[in-house]
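Observations on the model geometry
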Amino acid sequence: MKKITVVGGGSWGTALGKVLASKDIEVSLLVRREVVCDSINKEKENPFYLPGIKLPKKLKATLDPEEAFGNSEAVFWVVPSYALRHLLEGLKSLAKRIKYHVSAIKGIDLETGKTPYNILTELLPEGYEVMVLGGPSFAKEVAKELPTAVVLAGKKEEETKKIQELIAQPYFRVYRSDDPLGVEIAGAIKNVIAIASGICDGLQLGLNARASLITRGLIEMIRLGIKMGGQPSTFYGLAGLGDLVLTCTGALSRNYQVGYRIGKGEKLEDILQNLREVAEGVKTSKVVRSLARHFKIEMPICEEVYHVLFEKENPQKCLKRLLSRSLKKEFENLDILS
C-alpha cells in the first residue's frame, strides 16, 4: 500500500503511524488540534503525547479529513470508543472509499453496549474488511521500537494476512486471529480490571493481592466475553491475558494510574481533569456492569470498581465485600473449564 490513514493523534495513533511510516508508507494522521498538527509536521515530534520520539518523514499530520482520506488504502481508527460512532457518521462518505478498516480502540460504546467492530460493520457497507488490533502494547514502548507482540483479528484470513504483513516490523510482531469480537471485549474489560489493580497497589495490599486480582479478573473477562460471542482461546492469548497483565502491572497504563491515585485518596474528578488522554476503563466500567446484569453473570471485581468510581464508595469497604463473598469452587459457573 502506498498510503494509509490513521484517525487519532494521541499516543497510540501516533505510535501506529510511526510503525507504518517506518516501512516507507505514506501515513496521514488525522488530528483535532492545530498545535499537534504543526508540531508533527514541523518538528517531526508529538510533544504532547510522545515527547522525545522522532517521527518518520513519511508521517504527516492534517486537520483536513479530505486530505487524510484521499488516495488512502486502509484506515486505522484510534479514537476513544465513545467518539467513534459520531466521528464515523460524519466521515462516512470518505470512509466508504476505503476497503480496509482496522480498529485499535479498547473500549465499548456506553450508549449502545456495542464494540467498535460492531459499529464499523454496522455503518460501513457489506464487502468492507473490518479488523481489530489488540494485545499488550504501550504506545511509548512501541514508539521506542521495543519488542512488542500484538494480535490482528479479522473474519477473512487472507485479508487479515495482508494487513498483518503490512504492519509487522522486526520489533512489532503481529499474530492473526479470526475473533475480532473477542479481541475487543478482552481489550475493554482489562481496562476495568487495571483500575482495580491500581487501587490495590495504591492501598498497598501487596503482590499476593494483585496476582489474585489479575487471575480472578481474567475469569470475569472470560465469563462476559463468551456470553458476548468471543472464542475462549482469545482470552488466554495476547489480547486477553497478555494485555491484562501489562495493563494491571505497568505504570504507563492510564487506567492503572487512575486506580492507583484513587487508592491513595484522590477524587476521580480531580484525576480525570489532568489526564491528557482518555482512561477508557472509567466509562467502560458502566457498560460492563450493565452487560453483566443483562447476561446474569457475576463480575464482582468490575462491580466494585463501578461502586468506587460512580457511587464514591470507600475502596476499603469494597475490598471487604469482595473478600467476604461466600466460598466456592475455583471454576464455578465457568462452562468452558468444566
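Keep in mind the model is a prediction, meaning the values are calculated, not measured.

Parameters and conventions
- Residues numbered from 1 in each chain as written.
- Predicted model: local features only at pLDDT ≥ 70, side-chain atom pairs only at ≥ 80, totals over all residues.
- Heavy atoms only, no water.
- UniProt positions renumbered as here; feature names shortened; annotations may be inferred.
- 1 Å grid on protein atoms, 1.4 Å probe; cavity = no way out; pocket = protein on both sides within 12 Å on 5 of 7 lines; lining within 4 Å.
- Helix = DSSP H or I, 4+ residues; strand = E, 2+ residues; numbered from the N terminus.
- Buried < 20%, exposed > 50% of the residue type's maximum accessible area, 1.4 Å probe, protein only.
- Contact = heavy atoms within 4.5 Å.

Thoughts on the UniProt feature "binding site: NADPH" (unreviewed entry) in the protein chain
- The residues that UniProt annotates with the feature "binding site: NADPH" (unreviewed entry) are Ser-11, Trp-12, Arg-32, Arg-33, Tyr-49, Lys-106, Ala-139, Arg-254, Val-278 and Glu-280. Restricting the annotated residues to those that line the largest cavity leaves Lys-106.
- Mapped onto the secondary structure, Lys-106 falls in the loop between strand E5 (100-103) and helix H5 (116-123).
- Overall, Lys-106 belongs to the buried group, its relative accessible area being 15%.
- With residues up to four places along the chain from it excluded, the contact list for Lys-106 reads Gly-134, Gly-135, Ser-137, Gly-187, Ala-188, Lys-190, Asn-191, Asp-243 and Glu-280.
- Note that Arg-254 resides in helix H11 (residues 254-263).
- On the basis of relative accessibility, which here comes to 31%, the residue Arg-254 falls in the partly exposed class.
- Filtering out sequence-adjacent residues up to four positions away, Arg-254 remains in contact with Ser-11, Glu-277, Val-278 and Ala-279.

Quick notes on the UniProt feature "binding site: sn-glycerol 3-phosphate" (unreviewed entry) in the protein chain
- Mapped onto the present numbering, the UniProt feature "binding site: sn-glycerol 3-phosphate" (unreviewed entry) falls on Lys-106, Gly-135, Ser-137, Lys-190, Asp-243, Ser-253, Arg-254 and Asn-255. None of the other annotated residues line the largest cavity; only Lys-106, Gly-135 and Asp-243 do.
- Of note, Ser-137 is situated in the loop between strand E6 (129-134) and helix H6 (139-143).
- In contact with Ser-137, other than residues within four places in its own chain, are Trp-12, Lys-106, Val-142, Thr-148, Val-150, Asp-243 and Leu-246.

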